[in-house]
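Inside the fold
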Amino acid sequence: EFNYEIAMTHVSIGHVSRENAVDISTAPKEFEIYGSTHRYGHYRYLGQGVYDINSDEVVQHFSVLESPLVKFVTLKVINNYGSSLYTCIYDIQVSGYSEM
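Small disclaimer: the values here were computed from a predicted structure and weren't measured.

1. Thoughts on the packing of aromatic side chains
The description of an aromatic ring pair rests on the distance of the ring centres and on the angle between the ring planes. Under the criterion given, the structure shown has 2 aromatic pairs. Centre to centre, the rings of Phe 31 and Phe 62 are 4.9 Å apart; their planes meet at 80°, and the pair counts as edge-to-face. Residue Phe 31 is located in strand S2 (residues 30-36), and its partner Phe 62 is located in strand S4 (residues 59-63); the two are separated by 31 residues in the primary sequence. An identical accessibility class is assigned to Phe 31 and Phe 62; each is buried.

Following this line, the structure appears as structure tokens:
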């Protein structure tokens, strides 16, 4: 939940580097982003992305579709790199601007 509504422009997802990971199969792979103005309201699809475990960048940035103002964001992980037990995400950052 944000303090006020924002128009999202990017989402950034971070995972530990391949070289330092205990189990790289727990890294997120495909994901979707949704946003809403109300916690229990309708969540609008804002975009998708694929986290690349072979990238040199451990924090990767993904553009979202033109965003309406949102106060709540949900990250839906579609799959990971093979773990059947869990998916591990170290960092999620949302970028955007307010119309205040």
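2. What to know about the side chain of Ser 83
Along the chain, the position of Ser 83 falls in the loop between strand S6 (72-77) and strand S7 (91-97). Only 3.3 Å separates the side chain of Ser 83 from the backbone oxygen of Tyr 86, close enough to count as a polar contact. For Ser 83, the residues in contact, after removing those within four places along its chain, are Ser 25 and Thr 26.

3. Brief notes about the nonpolar core
The biggest cluster of nonpolar side chains holds 13 residues, and the ones touching the most others in it are Met 8, Val 11, Phe 31, Ile 33 and Leu 46. At the level of elements, strand S1 (6-14) and S2 are the ones that each hand at least two residues to this core. Looking at which element gives the most residues to this core, the answer is S1, with 4 residues. If sequence neighbours within four positions are ignored, Ile 33 has contacts with Met 8, Val 11, Arg 44, Tyr 45, Leu 46, Gly 47, Val 73, Thr 74 and Leu 75.

4. Details of empty space enclosed by the protein
Taken as a whole and judged by the stated rule, the model has 1 cavity of 30 Å³ or more. In this model, the largest cavity occupies a volume close to 60 Å³. Lining the largest cavity are His 15, Val 16, Ser 17, Arg 18, Ile 24, Tyr 51, Asp 52, Ile 53, Ser 55, Glu 57, Val 58 and Gln 60. A per-class count over the lining of the largest cavity returns 5 nonpolar, 4 polar and 3 charged.

5. Some words on the pattern of salt bridges
The final tally for this structure, using the stated rule, is 2 salt bridges. Residues Arg 39 and Glu 1 are paired through a salt bridge, measuring 2.8 Å at the closest nitrogen-oxygen approach. Taken together, the residues Arg 39 in the loop between S2 and strand S3 (44-50) and Glu 1 in the segment before S1 connect sequence positions 38 residues apart. Here Arg 39 falls in the partly exposed class, since its relative accessible area comes to 41%. With a shortest N-O distance of 3.9 Å, Lys 71 and Glu 1 are connected by a salt bridge. A residue pair is termed long-range when its members are at least 10 positions apart, and Lys 71 in the loop between strand S5 (69-70) and S6 and Glu 1 in the segment before S1 qualify at 70 residues. A residue is classified by how much of its surface remains accessible, and Glu 1, at 61% relative accessible area, is exposed.

Conventions and cut-offs
Residues numbered from 1 in each chain as written. Predicted model: local features only at pLDDT ≥ 70, side-chain atom pairs only at ≥ 80, totals over all residues. Heavy atoms only, no water. Phe/Tyr/Trp six-rings, centres within 6.5 Å; stacked < 30°, edge-to-face > 60°. Helix = DSSP H or I, 4+ residues; strand = E, 2+ residues; numbered from the N terminus. Buried < 20%, exposed > 50% of the residue type's maximum accessible area, 1.4 Å probe, protein only. Polar contact = N/O pair within 3.5 Å; in protein donor to acceptor, adjacent residues only side chain to side chain. Contact = heavy atoms within 4.5 Å. Core = buried A, V, L, I, M, F, W, Y, C linked by side-chain atoms within 4.5 Å. 1 Å grid on protein atoms, 1.4 Å probe; cavity = no way out; pocket = protein on both sides within 12 Å on 5 of 7 lines; lining within 4 Å. Points joined across faces, edges and corners; volume = space filled by probe spheres on them. Nonpolar A, V, L, I, M, F, W, Y, C, P; charged D, E, K, R; others polar. Salt bridge = Lys/Arg side-chain N within 4 Å of Asp/Glu carboxyl O.

Remember, this is a structural readout, not a statement about activity or role.
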